[in-house]
Structures are given as structure tokens and as C-alpha cells.
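# An overview of the molecular structure
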Amino acid sequence: MGAVAYAPKVVTIWEGFKEYFRRHDFEFDFILYSNYERQVQAQFDGSIALAWNSPLAWVRAERMARARGQQVSALAMRDSDCDLTSVLVTRTGPLLTLEQLKGKTIGFGAIDSPQAHLIPLDLLRQHGMLAGRDYTARRFDVLGGKHGDHIGGERDAALALIAGEIDAAWMIDSNHMAFSREGVLPAGATTILARTAPFDHCNFTVSPGAPAETIARFGELLLAMSWDDPEVRPLLELEGLKTWLPGRTSGYDALVRAVDDEAFYDAEGKILAIDYRY
């Protein structure tokens with residue numbers, strides 16, 4: 001299995017999961033990648049049978065598979081991956097509508113962040129607002145290749161908003177609440193101006209040609225993980241979920257549209273974004 005090392009806790013999580021599966025007579029190992037682009041490529045050279053993928057990595061894997069006449073599938077996802085939203089936050093004051101942001105500067109997360117860049121660009125585009133024409137887009141690029149898993153870009157955008165450097169900032173709703181708890185966004189200092197439609201986040205993506213029986217057993221054991229199990233619960237807490245759910249792909253429509261509109265990947269999964277560094 002492949003996973004991206006976006007934080008030190010990733011090692012703790014997957015070493016713990018490895019022991020859980022071993023207790024159920026299922027041996028597996030994991031490979032850590034520095035970025036999702038390398039991980040997706042590994043799904044097509046036989047290195048890994050399964051990848052813990054970001055939503056953007058799913059889009060690329062699906063396109064690469066289709067271009068090769070192959071298939072990938074979404075095996076499972078966290079309960080916390082479903083029906084998420086991102087919010088456009090302004091300083092509390094006269095800005096009340098998207099229309100009033102014309103000519104202003106809007107902050108975004110990293111270039112490869114689905115929740116703080118690509119999907120927000122799609123929402124603004126759906127409202128007839130294009131970066132460079134109707135507003136100035138300022139990205140806060142942190143750790144390219146992590147697909148927004150590292151929240152540093154969103155935090156930097158929030159800090160720039162409070163400092164008056166930008167007029168609005170995009171962030172996933174859960175980070176907006178976390179920044180408010182932390183005091184990054186002082187109480188009463190900000191207002192939510194817009195919210196995206198619900199979208200989904202990560203999934204376990206099965207590589208083309210992976211052994212069906214082995215994958216099925218992995219999925220069975222994964223879905224059987226219980227919050228009530230004292231050995232499993234700390235791992236679930238670290239990974240940010242209470243229960244695993246069967247994978248679904250219905251929550252990626254806005255991201256797929258944004259990937260095309262912003263020319264991030266082509267139809268075969270080739271990287272088109274010229275200023276993307278990973």
C-alpha cells in the first residue's frame with residue numbers, strides 16, 4: 001500500500017494499522033511517498049496494489065487508467081471524507097456579496113489543494129468570476145505535491161486576511177473552525193461570504209491488476225475497525241475518523257470540472273500546471 005508522508009504522524013498511523021491487520025492474520029506493508037504524483041505513478045508500475053489517495057490523486061489515477069484501457073476503483077473512505085464544504089471568509093465589515101469582491105484580492109491555499117484552490121476556483125467560475133479578470137488570486141503554496149493535506153497554506157491565507165493583506169480567503173470549513181478555536185481568526189473578526197456545495201475527500205484507490213481476493217480481505221478488515229476497540233481508536237483519532245465507509249466517487253464532480261477548467265491534468269492524467277512544483 002502507498003501513502004503520502006505529509007506529517008510525522010503518518011508513520012505512527014500506518015505502523016499501527018499494520019499491526020492491526022497482522023493480528024487478523026493479514027500481512028501487508030506500506031511505502032511512503034513524498035508526494036501524490038509519484039504515488040499515483042507507482043499504481044501503474046506494479047509497486048503498490050493500493051493507495052491512500054487524495055481526491056486530486058483519485059482524479060489523476062482514474063484518468064491514467066482510462067487512457068490505458070484499465071480501471072481503478074475506490075475501495076473505502078473515512079466518514080470524515082464525505083460531504084465536506086469550503087468557505088470564503090472575509091473580515092467582518094462592508095463586503096457582503098461575491099459581486100463586491102470584483103477588483104479585490106482573494107487568498108487561496110496551495111496550487112494542488114482541492115478544497116482551498118481548485119474547488120473554490122470552480123465556485124467562483126460558476127458565478128461568472130475569473131481570476132485575473134474579475135479579481136486577483138493570491139496563492140499560499142505550502143508543500144507542493146501534498147494536495148492540500150498540509151494545512152499551512154490555508155493558515156497562511158487566514159493570517160494574511162487578518163493582517164489586511166488580502167480581502168478574502170478560502171479554507172475548508174473544518175480548518176475555519178480550527179483557526180477560530182486557535183485564535184488565528186479572532187472571535188467576531190470574520191464573516192463567511194460563500195460556501196461550496198458538498199464534496200468528498202480521500203479514498204483507498206485500488207491499482208489496476210491488484211489481486212481481487214486480497215483487496216477484498218483488506219477492505220473487509222478495514223471496515224471492521226471499531227471505535228470501541230481500545231487498540232484501534234487512537235489510530236482512528238490520528239487519521240481523523242470514527243468509522244470507515246465503502247468508497248464512492250459521486251462527490252468529485254466539482255473537482256473534476258475544476259481540473260479541466262484550470263488545466264491541471266489532461267484527459268490522460270498528464271500534469272499541465274506549469275508552475276506546479278512537487
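Whatever comes next refers back to the structure up there.
Overview of the structure. Note that the structure is a prediction, hence the values are computed from the model and not measured.

## Quick look at helix α1 (residues 9-23)
- Between its first and last C-alpha, α1 extends 21 Å over 15 residues, near the 21 Å set by a 1.5 Å rise per residue.
- Buried within α1 are the following residues: Val-10, Ile-13, Trp-14, Gly-16, Phe-17, Lys-18, Tyr-20 and Phe-21.

## Here we look at the nonpolar core
- Judged by nonpolar contacts, the single largest core of 29 residues is most densely connected at Trp-14 and Phe-204.
- The contacts of Phe-204, once residues within four sequence positions are left out, are Met-1, Trp-14, Leu-50, Ala-51, Trp-52, Ser-73, Ala-74, Leu-75, Ala-76, Phe-218, Leu-222 and Trp-244.

## Points about the packing of aromatic side chains
- Enumeration over the complete set of coordinates arrives at 18 aromatic pairs.
- Ring geometry for Phe-21 against Phe-218: centres 4.7 Å apart, planes inclined by 5°, an arrangement best described as stacked. Of this pair, Phe-21 sits in helix α1 while Phe-218 sits in helix α7 (residues 212-223); the two residues are 197 residues apart in sequence, bridging distant segments of the chain. Across this residue pair, the class does not change: Phe-21 and Phe-218 are buried.
- Taken together, a centroid distance of 5.4 Å and an interplanar angle of 45° make the contact between Phe-204 and Trp-244 tilted. Linking Phe-204 in strand β10 (residues 203-206) with Trp-244 in strand β11 (residues 244-246), this pair joins segments that are 40 residues apart in sequence.
- Following the ring pairs from residue to residue traces out a cluster consisting of Trp-14, Phe-17, Tyr-20, Phe-21, Phe-26, Phe-28, Trp-52, Phe-204, Phe-218 and Trp-244.

## Remarks on empty space enclosed by the protein
- The tally for this structure, following the rule as stated, stands at one cavity of 30 Å³ or more.
- Looking at the largest cavity, its volume works out to about 40 Å³.

## Quick look at the side chain of Asn-203
- Assignment of secondary structure puts Asn-203 in strand β10.
- What makes Asn-203 buried here is its relative accessible area of 0%.
- Each residue touching Asn-203, except ones within four places of it in the same chain, is listed here: Ala-51, Trp-52, Asn-53, Trp-58, Ala-74, Ala-76, Met-77 and Tyr-252.

## Examining the sheet that holds strand β7 (residues 136-139)
- Strand order in the open sheet formed by five strands is β7-β6-β8-β5-β9, with mixed pairing between adjacent strands. This sheet does not close on itself; its edge strands, each paired only once, are β7 and β9 (190-195). Each adjacent strand pair in this sheet contributes to an overall mean axis angle of 30°, direction not counted.
- Where strand β5 (residues 86-91) and strand β8 (residues 168-172) come together, five bridges link them in antiparallel fashion. Across the sheet, the residue bridging to Val-89 is Ala-169, located in β8.
- Of the strands in this sheet, β5, β6 (105-108), β7, β8 and β9 are in contact with helix α4 (residues 114-126), which crosses β6 at around 140°.
- Across the sheet, helix α5 (residues 152-162) lies against β5, β6, β8 and β9, angled at about 150° from β8, the strand it touches most.

## A closer look at the environment of His-147
- Among the structural elements, His-147 can be located in the loop between β7 and α5.
- For the pair His-147 and Ala-116, spaced 31 residues apart in sequence, the C-alpha separation works out to 9.8 Å.
- In this structure His-147 touches Tyr-36, Glu-37, Ser-54, Leu-56, Ala-57, Asp-112, Ser-113, Pro-114, Gln-115, Tyr-265 and Tyr-276, once residues within four positions along its chain are discounted.
- In terms of polar contacts, His-147 uses its side chain to reach the side chain of Ser-54, at 2.6 Å.
- Here Tyr-276 takes part through its side chain, which lies 3.3 Å from a polar atom of the side chain of His-147.

## What to know about unusual backbone geometry
- A positive phi angle, close to 60°, is found at Asp-25, a residue other than glycine.
- Locating Asp-25 in the fold gives a position in the loop between α1 and β2 (31-33).

## Examining helix α6 (residues 173-182)
- Within α6 the residues assigned to the buried category are Asp-173, Asn-175, His-176, Ala-178 and Phe-179.
- Considering only its buried residues, α6 is in contact with β5, α5, β8 and β9.
- In the stretch just after α6, Gly-183 is the one whose phi turns positive, near 90°.

## Quick look at the pattern of salt bridges
- Counted by the stated rule, this structure contains 24 salt bridges.
- The salt bridge partner of Glu-262 is Arg-125, with a shortest N-O separation of 2.8 Å. Within this pair, whereas Glu-262 is found in the segment after α9 (253-261), its partner Arg-125 is found in helix α4, the two being separated by 137 residues in sequence.
- A salt bridge links Asp-173 to Arg-195; the nearest nitrogen and oxygen atoms lie 3.5 Å apart. Of the two residues, Asp-173 is situated in helix α6 and Arg-195 in strand β9; the sequence distance between them amounts to 22 residues.

Definitions and limits used
Residues numbered from 1 in each chain as written. Predicted model: local features only at pLDDT ≥ 70, side-chain atom pairs only at ≥ 80, totals over all residues. Heavy atoms only, no water. Helix = DSSP H or I, 4+ residues; strand = E, 2+ residues; numbered from the N terminus. Expected span 1.5 Å × (residues − 1). Buried < 20%, exposed > 50% of the residue type's maximum accessible area, 1.4 Å probe, protein only. Core = buried A, V, L, I, M, F, W, Y, C linked by side-chain atoms within 4.5 Å. Contact = heavy atoms within 4.5 Å. Phe/Tyr/Trp six-rings, centres within 6.5 Å; stacked < 30°, edge-to-face > 60°. 1 Å grid on protein atoms, 1.4 Å probe; cavity = no way out; pocket = protein on both sides within 12 Å on 5 of 7 lines; lining within 4 Å. Points joined across faces, edges and corners; volume = space filled by probe spheres on them. Pairing = 2+ DSSP bridges. Axes fitted to C-alpha atoms, helices over the stretch in contact; angles between N-to-C directions. Polar contact = N/O pair within 3.5 Å; in protein donor to acceptor, adjacent residues only side chain to side chain. Salt bridge = Lys/Arg side-chain N within 4 Å of Asp/Glu carboxyl O.

Worth remembering: the numbers are spatial, not functional.
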